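Chain by chain, the residues:
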Amino acid sequence: MVYTDLPYDEATKAGFARAMFDHLDNGTTDMAPEILEVDPRVYTDPELAARERRELFGYVPIIAAHSTELPGNNDFATVQLPNNEVVLVRQADGRVRGFVNTCRHRGAQLVPEEKGSKRIFSCRYHGWAYGSDGRLRSIADEPTFGTVDRSCMSLLEVPVEERHGFVWVIDSAAGDRKIDIAEWLGREFDESLAAMDMDKYHCHIAQNFDVDINWKVLMDAFLDGYHITSTHAGTVAPYFYNNAQAWEPMGRHGRMVTARKSIDSVRDVAPEDAPIDRHITVAHFLMPNMSVLRQPDHLEVLNFVPAPGTAVGTRMQMRLLTREPVVTDEQKARWDKNWKILMAVLRDEDLVVNEGVQKSVANTDVGPLYFGRNEIANQHFHQWMGRAFADPRRWG
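Everything quoted here is computed from the prediction, not taken from an experiment.

Judged by nonpolar contacts, the single largest core of 104 residues is most densely connected at Leu56, Leu88, Trp168, Ile263, Ile276, Leu286 and Met318. The greatest single-element share of this core, amounting to eight residues, is contributed by helix α8 (residues 329–361). Counting 17 residues, the second-largest nonpolar core is a separate cluster that includes Cys103, Val111, Ile139 and Val148.

Next comes the structure, spelled out in structure tokens:
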């Protein structure tokens, strides 16, 4: 088995153990001060959806890829974001840049492939060609086209930064947008992510699922440790404790610890000595739309990317990261099995329930929705969204 120890100091791990032991011994969980009411229109209102794309996702960084998806110079990947389809390209100097996937001539999609390696991108409509650095290199039959200042015709560029093994993007080509992942995460959360060594992992598989569900419905589902018994009875419920979480807000973001039932084998050990590394899941929730789950032997990364032009559509991006690259049939079989389990939980159970949520919140007569005190991470998310819109200079 490819298990790794929790990448935290002994005091932090003892704190995780103490919190989980206390909750399991007492039938409790971390709780918010009171129940939170939420207007169901947050999942259906097209005006709010347009504001989110324009005022939120056009300013704040989100994960677009894992760095190992672009291993070599000139490697590229096309990624659908809330406002733009973007081409990420590894440059000759090793950094990644991102460009709006639109030819500057007549607006054709420049790169139809999902991924590959190219030094030159040629538009299949009229043959205009761009370098991997986004610069316009040639215009077909240029003497008949007319005079063009090529320096003003480069592909439109979005801010990109690599940090913690991921490629982060701000989904806007507006010239005033700046990206600073360390600032966005905040010192405490940045250090917690750094401890995960995610830049040492490899992306075994990444898939997209386009669904007619609002992205916040999906984010709510994965912030929630209250539904395991009822939704996942046929898959993971026998292996995980339900409704027993330790939640730690870290500025805009937050970290949650949940326990596998195998933790019972070490509950008679003092928290400071308990070997809990293989018995808990540590989840980092990155506002506004991402979660990174550390399982004992791999990482799961989920992004909920709003689809352009609709209140309900979302592209759910799912990645499974492994500590070592998969090179043997045995390794491939192991991680393919893990991916199959993930599909059974997320695609075949969560998405089915969430499709029902999206349908029912569109009913005409729906009162406020209620997030209980035990749904503390969900409350953090909705309250952060409110603060972010109210304070766009600091984004909550």
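Now that the structure is up, let's keep going.
With that settled, the discussion passes to the side chain of His382. Positionally, His382 belongs in helix α9 (residues 376–390). Exposure remark for His382: the relative accessible area of 13% places this residue in the buried category. The residues touching His382, leaving out its near neighbours within four places in the chain, are Leu36, Val38, Val42, Tyr43, Asp220 and Phe371.

Moving on to the sheet that holds strand β16 (residues 280–286). Spatial strand order, β13-β19-β18-β17-β16-β15-β14: seven strands in an open sheet with antiparallel pairing. The open sheet has two edge strands, β13 (202–211) and β14 (240–250), and neither has a second partner. Neighbour to neighbour, the strand axes of the sheet diverge by 15 degrees on average, direction disregarded. Helix α5 (residues 187–195) contacts β14, β15 (253–260) and β16 of the sheet and is inclined by roughly 135 degrees relative to β16.

We now examine the sheet that holds strand β4 (residues 85–90). Pairing in this open sheet of five strands is antiparallel, and the strands run β6-β3-β4-β5-β10 from one edge to the other. Where the open sheet ends on each side, the last strands, each with one partner, are β6 (115–117) and β10 (157–158). Where strand β3 (residues 75–80) meets β6, three bridges bridge the pair, whose relative direction is antiparallel. Bridge pairing links Ala77 to Lys115 in β6.

Time to look at the packing of aromatic side chains. Enumeration over the complete set of coordinates arrives at nine aromatic pairs. Ring geometry for Phe76 against Phe121: centres 5.3 Å apart, planes inclined by 80 degrees, an arrangement best described as edge-to-face. You can see Phe76 sitting in strand β3 and its partner Phe121 sitting in strand β7 (residues 120–122), a full 45 residues away along the chain. Comparing Phe76 with Phe121, the two get one shared label, buried. In this structure an aromatic cluster arises from ring pairing among Phe57, Trp215 and Phe381. In this arrangement the basic side chain of Arg177 is found over the ring face of Tyr59, its NZ or CZ atom lying 3.7 Å from the centre.

What counts and how
Residues numbered from 1 in each chain as written. Predicted model: local features only at pLDDT ≥ 70, side-chain atom pairs only at ≥ 80, totals over all residues. Heavy atoms only, no water. Core = buried A, V, L, I, M, F, W, Y, C linked by side-chain atoms within 4.5 Å. Buried < 20%, exposed > 50% of the residue type's maximum accessible area, 1.4 Å probe, protein only. Helix = DSSP H or I, 4+ residues; strand = E, 2+ residues; numbered from the N terminus. Contact = heavy atoms within 4.5 Å. Pairing = 2+ DSSP bridges. Axes fitted to C-alpha atoms, helices over the stretch in contact; angles between N-to-C directions. Phe/Tyr/Trp six-rings, centres within 6.5 Å; stacked < 30°, edge-to-face > 60°. Lys NZ or Arg CZ within 6 Å of the ring centre and 35° of its normal.

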